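Structure at a glance
Okay, here's what each chain looks like letter by letter:
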Amino acid sequence: MDYGPLVREEIETGREIIEKFHAYRPVKAAFWLKSGDDSQRYLYIASDEFNERSPREGYADLAHVMDTVDDKEFSEFWIKLIGTDEPLAQEAIKISQKFPTAMGARFGRQMFGNVYAEDGYLYEMPVTNSAH
């Protein structure tokens, strides 16, 4: 993964993964985030199903999704599955509810949930195939 700014190809591959993963688990929020604490950017996918149980089964579903993704250089290790009760997911959901018709949006150099976001991209919910 390039550690420079998030690029269109990563956004579109993320969109493809989110759409396909949604067929396995209901996705409530999804976003890219490069926090000040991380050495790289991650694609976070939040679902209610991970609030009270481990996302272990979700990662098995994610492996099936990754087998069908067009971008073979995209690593499943760049993806974190989280519950909607986590602060990062809560922030993404709050923004999505505040601006429900907004198309995907970049953010950065601000607090996001409980971390400082250097760079990020919030997907619109529900995720669609439309180009941005």
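Residues numbered from 1 in each chain as written. Predicted model: local features only at pLDDT ≥ 70, side-chain atom pairs only at ≥ 80, totals over all residues. Heavy atoms only, no water.

Notes on the overall build of the protein chain
Broken down by element type, the protein chain carries 3 helices and 6 strands. Listing every helix and strand of the protein chain by position from the N terminus yields α-β-β-α-β-α-β-β-β. By the burial criterion, 46% of the 132 residues in the protein chain qualify as buried. On the protein chain, roughly 7200 Å² of surface is accessible, and the fraction owed to carbon and sulfur atoms is 51%. (Helix = DSSP H or I, 4+ residues; strand = E, 2+ residues; numbered from the N terminus. Buried < 20%, exposed > 50% of the residue type's maximum accessible area, 1.4 Å probe, protein only. Areas by Shrake-Rupley, 256 points an atom, 1.4 Å probe, with all protein chains shown as cover.)

A look at helix 2 (residues 56-66)
The α-helix winds at 3.6 residues per turn, so residues separated by three or four positions along the chain end up facing the same way. Of all the positions in helix 2, only Gly58, Asp61, Leu62, Val65 and Met66 are classed as buried. Looking straight down helix 2, one finds its buried side chains confined to an arc of 145°; they lie on one side. Those residues of helix 2 hidden inside the fold are in contact with helix 1 (8-22) and strand 3 (79-83). (Arc of directions from axis to C-beta. Contact = heavy atoms within 4.5 Å.)

Here's the deal with the pattern of salt bridges
Taken as a whole, this structure holds 13 salt bridges when the rule is applied. In this structure, Arg25 engages Glu49 in a salt bridge whose closest nitrogen and oxygen atoms are separated by 2.6 Å. Placement of Arg25 in the loop between helix 1 and strand 1 (29-35) and of Glu49 in the loop between strand 2 (42-47) and helix 2 is noted, with a sequence separation of 24 residues between them. Salt bridges sharing common partners tie together Arg25, Glu49, Arg53, Glu57 and Asp61. (Salt bridge = Lys/Arg side-chain N within 4 Å of Asp/Glu carboxyl O.)

Structural notes on the pairing of strand 1
Burial analysis of strand 1 places 7 of its 7 residues in the buried class, which makes it a mostly covered element. Of the two faces of strand 1, the one lined by Ala29, Phe31, Leu33 and Ser35 and the one lined by Ala30, Trp32 and Lys34 are each fully buried. The loop that links strand 1 with its antiparallel partner strand 2 comprises 6 residues. In terms of strand pairing, strand 1 meets strand 6 (residues 115-122) through 5 bridges, oriented antiparallel. Paired with Ser35 across the bridge in strand 6 is Ala117. (Pairing = 2+ DSSP bridges.)

Some remarks on the environment of Glu124
With respect to the helices and strands, the residue Glu124 is situated in the segment after strand 6. For the pair formed by Glu124 and Met103, sequence separation is 21 residues and the distance between their alpha carbons is 5.5 Å. Side-chain polar atoms of Glu124 contact the side chain of Arg15, separated by 3.4 Å. Within the structure, Glu124 has its side chain in polar contact with the backbone nitrogen of Gly104 (distance 3.0 Å). (Polar contact = N/O pair within 3.5 Å; in protein donor to acceptor, adjacent residues only side chain to side chain.)

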